[in-house]
Amino acid sequence: MTLAALVSVPAPVFSQQGADHDGNAARLLSPDKVVVMVFLRRDCPISSRYAPVIQKISKTYSDRAKFFLVFPDKTDSAEDIQKYLSDYHYSLPAFPDPEHTLAKLGHVQITPEVAVFSDRRLVYDGRIDDWYIEPGRARAAPTTHELKDALDAALAGKAPARAEVRGVGCYISDLE
Amino acid sequence: MIRIHWLVIGVSVALAAQDSKPVTFNRDIAPIMFRSCAMCHRPGEAAPFSLLTYSDAKKHARQIADVTRSRAMPPWLPEPQQLKFADEMRLAQAGIDLIQRWVEQGALEGDTKDLPAPPKFVEGWQLGKPDLVLTAKKPLELSPQRTDTYWNFIFPVPITETRWVKAIEIRPGDKRYVHHANILVDRSSASRKREAEPGAGFGGMEIRIESQVFDPDSHLLFWKPGTVPYVEPEGMALRLDKGTDLILNTHLQPSGKPEVIQPSIGLYFTPQAATKLPMLLQLENDVQLDIPPGRKDFLVTDEFTLPVDVDLMAIYPHAHYLGKDIQAFATLPDGTKKTLIHIPHWNLNWQAVYRYTQPVRLPKGTKVSLRYTYDNSDENPLNPNQPPARVVGGNRSRDEMCHLWLQVLPVNFDAALGDPRMALQEALARHNVEKNPGDFEAHYNLAAMLQAKDKLDAAIGEYELAVRLRPEDAAANNALGAALVAAGHPDRGAGYLRTALKARPDYFDAHYNLGFALAGQDDFEGASQQFTLALQLQPDDANVEANLGTALAQMGRFPEAKSHFERALQIDPNQAIAKENLEALRKEVSPY
């Protein structure tokens with residue numbers, strides 16, 4: 001289990017402008033790789049149900065894209081997040097985001113949603129796929145795969161077909 | 001004049017003041033959450049987070065506004081109607097509007113003085129300590145992957161005599177992962193054969209439990225999130241006999257991580273035997289289900305006329321993922337039409353048994369109708385096939401179903417004419433045969449019904465139709481053979497019994513019946529062979545031992561006969577044939 005990247009003090013402090021000069025941000029948004037931030041709420045069942053999907057896709061792209069989990073709930077402690085990672089068998093680096101710096105950077109409002117960066121630029125934000133139609137109603141299997149499409153496009157140096165498709169799940173609380 | 005004027009102004013000022021008062025959690029929202037959300041949104045219950053305090057609600061404020069506006073929460077599918085359901089969970093529009101305003105205004109907390117007392121819930125078993133607690137022998141390991149799981153747990157009931165059950169509390173395991181659960185009563189241990197190893201349980205969304213006797217003792221034993229155990233009304237109770245299994249049929253959803261589900265059930269007994277005997281009427285029309293891909297409004301109907309007066313107590317509609325608009329209504333003999341249930345947006349995940357607050361009297365001659373529509377287009381996001389494909393009736397989750405169960409209690413009947421449920425069951429069986437003359441089960445069930453009423457010739461006719469539809473079906477051939485033997489035609493019966501055994505060589509009943517048929521033709525050698533084979537399948541059956549003894553005695557093999565009679569009496573000291581024949585041996589065949 002890789003828990004090393006979990007920062008236990010709130011937050012990798014960086015803003016869109018200052019990103020280049022901040023250690024954490026430099027680590028997060030590397031220029032030579034596609035970066036995916038996955039936003040999760042521990043108390044959101046839809047977020048949690050995506051665990052195997054997120055693990056599979058991050059594994060498939062592990063040599064070409066960096067994946068991070070982001071926990072934007074202000075009240076999450078480092079221990080809460082650690083426990084969640086081990087419960088759900090995640091071996092991806094994770095960051096708390098109590099100030100919602102990353103959520104704002106990724107234009108994300110709902111969990112689970114992803115923000116895909118290519119060359120430090122946000123190229124896609126929104127749902128992973130169309131599994132859920134609304135809370136309580138899910139398809140037997142998804143019919144669209146926005147995250148995968150965005151990754152393939154970004155890796156091919158193209159713009160994804162859609163830059164934004166809102167997700168179904170739980171709003172990030174107190175997001176201004 | 002002036003006074004009146006002043007009063008009017010006063011009133012309108014007061015109204016305006018109230019309207020402009022900001023909506024607060026403590027005064028306006030807490031009462032709604034406590035009444036309509038907390039039963040599920042509290043620790044240990046089905047919902048993913050609690051809604052008991054201001055900070056709980058604040059954290060989810062926007063989501064709460066969304067799910068109440070769309071009526072996804074609280075989960076409640078039926079439209080409001082004249083016949084009221086118990087425990088209705090529907091929010092009033094005023095409450096929904098208040099929640100929207102609360103969130104728009106910034107989800108304020110308000111004055112703590114306004115906060116009502118939090119709801120009190122019973123911890124642990126809801127009705128106190130059960131008389132008997134049964135726990136699934138082997139827990140199920142639930143996969144974290146996307147698909148839902150349908151699993152059946154078997155609970156053998158360790159009782160030594162018939163008991164009456166007043167209530168059952170289902171504890172389905174971690175409630176967050178159980179959509180719903182349903183108990184079926186298996187009096188024949190048939191389900192155990194489906195387990196890979198004893199106690200393991202078995203998969204499957206829809207299970208059928210076959211019963212060899214007319215067994216209408218029918219109760220809807222259902223669990224969904226937020227339910228408190230149902231206590232049977234005065235005079236009603238569920239009968240449990242020695243050797244009965246309870247099957248818990250569960251619909252489980254993945255959580256994203258591996259989960260272990262180990263349900264238990266608590267039984268509450270009553271010394272009072274049931275005096276009121278309800279039954280389940282099933283309307284259905286699965287044969288009409290052949291839905292072409294792309295069809296948006298595929299309609300299926302069924303209509304049944306009640307042959308006796310009944311009180312309708314509860315209703316349970318069921319369809320799978322294509323089900324859209326689900327309706328049932330009753331047309332009374334005087335022409336009045338009552339909506340029994342209407343679900344405009346069916347959602348299998350929130351299926352439920354709905355009980356009426358007052359039993360609904362439906363007089364003899366009432367037509368009960370179901371009217372379901374199905375959407376097999378790609379506009380139905382729950383369509384299990386993308387792109388849509390032809391879907392027919394069946395038990396798998398990607399097949400469809402069109403079922404409606406009604407729990408009814410016959411009323412105003414003449415007990416001297418027998419159990420009124422027989423009349424209901426027979427009418428239903430006839431209805432099914434008429435609706436669908438090619439339906440094997442319809443003929444089989446009608447035959448069984450007629451046989452139970454001792455209408456042997458009519459029963460044989462229906463069994464023959466069933467066998468014509470499925471010439472190799474073991475159960476139908478066995479039943480037809482047995483009915484022919486009972487009607488005094490052992491020669492004709494034996495042929496069908498042999499067919500049954502060809503299809504299922506380890507069929508205890510067919511060996512037993514064939515033994516009987518052969519004995520009826522004085523072939524005692526053949527008969528004793530069949531009874532011996534039956535004994536190998538069920539070694540502790542006193543009746544078979546007695547029959548084997550009799551067949552052997554007929555052939556003059558008295559010492560063997562004697563030991564079988566004795567064995568029969570060991571198993572059941574009251575086995576009449578063994579007693580009588582043993583006595584006869586003693587008297588007439590010295591030296592016994």
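Predicted model only: the values in this text are computed from it and were never measured. Here the residue index of a chain counts from 1 through its sequence in written order. Working convention: letters from A go to chains and numbers from 1 go to ligands, in the order in which they are written. Given that the model is predicted, a residue must reach a pLDDT of at least 70 before its local features are reported, and side-chain atom pairs must reach 80 or more before they are shown or counted; all residues, however, enter totals for whole chains, interfaces and linings. Side-chain numbers come from the whole structure's heavy atoms, not from hydrogens or water.

1. A word on the overall build of chain A
Move 1: Of regular secondary structure, chain A possesses six helices and 10 strands.
Move 2: Evaluated residue by residue, chain A yields a buried proportion of 56% over its 176 residues.
Move 3: Here, two residues are considered to be in contact whenever any of their heavy atoms come within 4.5 Å of each other. Taking the contacts inside chain A whose residues are at least 6 apart along the sequence as the reference set, 73% of them involve residues at least 24 apart.
Move 4: Accessible surface, chain A as shown: approximately 7600 Å² in total, 51% of it carbon and sulfur. In DSSP terms, a helix is any run of H or I states spanning at least four residues, a strand is any run of E spanning at least two, and both are numbered starting from the N terminus. Buried, partly exposed and exposed residues are distinguished by accessible area as a fraction of the type maximum, computed with a 1.4 Å probe on protein chains only: under 20%, between the cut-offs, and over 50%, respectively. Surface accessibility follows the Shrake-Rupley procedure with a 1.4 Å probe radius. Residue values consider only the protein chains on display as shielding.

2. What to know about the interface of chain B and chain A
Move 1: Listed as interface residues are 27 residues of chain B and, on the opposing side, 31 residues of chain A.
Move 2: By definition, the buried area sums, over both parts, the 1.4 Å-probe accessible area that each loses when the two are put together. Both faces combined, the contact of chain B with chain A buries some 2500 Å², and carbon together with sulfur accounts for 50% of it.
Move 3: Of all residues in chain B, the largest losses of buried area upon contact with chain A belong to Lys59, Arg62 and Arg146 of chain B, amounting jointly to 29% of the total for that side.
Move 4: Any Lys or Arg side-chain nitrogen found within 4 Å of a carboxyl oxygen on Asp or Glu counts as a salt bridge. Applying the counting criterion to the chain B and chain A interface returns three salt bridges.

3. So, the pairing of strand S5 (residues 113-118) of chain A
Residues and elements named next belong to chain A.
Move 1: Of all six residues in S5, six are buried; the element is thus mostly enclosed.
Move 2: Residues Glu113, Ala115 and Phe117 line one face of S5 and the alternating positions Val114, Val116 and Ser118 line the opposite face, and both faces are buried.
Move 3: In this sheet, S5 lies alongside strand S1 (residues 34-39) in antiparallel orientation, the contact comprising six bridges. Paired with Met37 across the two strands is Ala115, which belongs to S5.
Move 4: Bridge count between S5 and strand S6 (residues 121-126): five bridges; the pairing is antiparallel. Along S6, the bridge assignment pairs Phe117 with Leu122.
Move 5: The rule for pairing is simple: two strands pair if DSSP sees at least two bridges between them. Joining the antiparallel neighbours S5 and S6 is a turn of two residues, in which Asp119 adopts a positive phi near 55°.

4. What about the sheet that holds strand S2 (residues 65-71) of chain A?
The strands making up a sheet associate through hydrogen bonds between their backbones, and the pairing can be parallel or antiparallel.
All names here are of chain A.
Move 1: Pairing within the open sheet is mixed, and its six strands lie in the order S3-S2-S1-S5-S6-S9. In this open sheet, the two strands that pair with only one neighbour each are strand S3 (94-96) and strand S9 (164-165).
Move 2: The pairing of S1 with S2 spans six bridges and is classified as parallel. By the bridge assignment for S2, Val35 is matched with Lys66.
Move 3: On top of the sheet, helix H6 (residues 146-155) reaches S1, S2, S5, S6 and S9; it is set at about 160° to S1, its chief contact. For helices, the fitted line uses only the C-alpha atoms of the stretch in contact; every axis is such a line through C-alpha atoms, and the angle between N-to-C directions lies from 0 to 180 degrees.

5. A closer look at unusual backbone geometry
Move 1: Thr111 of chain A connects to Pro112 of chain A through a cis peptide bond whose omega is -5°.
Move 2: Along the chain, Gln386 of chain B connects to Pro387 of chain B via a cis peptide bond; the corresponding omega equals 0°.
Move 3: Counting through the fold element by element, Pro387 of chain B comes out in the loop between strand S19 (367-374) and strand S20 (391-392).
Move 4: You will see that His100 of chain A, though not glycine, has its phi angle at about 65°, which is positive.

6. Structural notes on the confidence of the model for chain B
All names here are of chain B.
Move 1: Looking at any residue, its pLDDT shows the predictor's confidence there, from 0 to 100. Across chain B, the average pLDDT comes to 90, with 95% of residues at 70 or higher.
Move 2: Confidence, expressed as mean pLDDT per element, reaches its minimum in chain B at helix H1 (residues 2-20) with 41 and its maximum at strand S17 (residues 337-343) with 98.
Move 3: In this model, residues 1-17 is a region of pLDDT below 50 whose contacts with residues beyond four sequence positions or in other chains number zero contacts.
Move 4: The complex model carries a pTM of 0.84, and its ipTM stands at 0.79.

7. Observations concerning the pairing of strand S4 (residues 163-171) of chain B
Residue and element names in this part refer to chain B.
Move 1: Both S4 and strand S8 (residues 238-240) contribute to a ladder of three bridges, which runs antiparallel. Each bridged residue has a counterpart across the sheet, and for Val165 the counterpart in S8 is Leu238.
Move 2: Bridging between S4 and strand S11 (residues 264-270) involves seven bridges; their strand directions are antiparallel. Looking at S11, one finds that Ile170 is bridged to Ile265.

8. As for the environment of Val467 of chain B
Residues and elements named next belong to chain B.
Move 1: Relative to the elements of secondary structure, Val467 occurs in helix H8 (residues 456-469).
Move 2: For Val467 and Asn478, which are 11 residues apart along the polypeptide, the C-alpha to C-alpha distance reads 9.8 Å.
Move 3: Other than its neighbours up to four places away in sequence, Val467 contacts Ala476, Asn477, Leu480 and Tyr496.

9. Notes on the state of the cysteines
Residue and element names in this part refer to chain A.
Move 1: Any two cysteine sulfur atoms within 2.5 Å of one another count as a disulfide. Per the counting criterion, the structure on display carries one disulfide over all chains.
Move 2: Here Cys44 pairs with Cys170 through a disulfide, and the sulfurs are 2.2 Å apart. Linking Cys44 and Cys170, the disulfide has an S-S dihedral of approximately 80° and is accordingly described as right-handed. Placement of Cys44 in the loop between S1 and helix H2 (45-49) and of Cys170 in strand S10 (residues 170-171) is noted, with a sequence separation of 126 residues between them.
Move 3: Under the relative-accessibility criterion, Cys44 is labelled buried at 1%.
Move 4: Of the residues examined, Cys170 reaches a relative accessible area of 8% and is grouped as buried.

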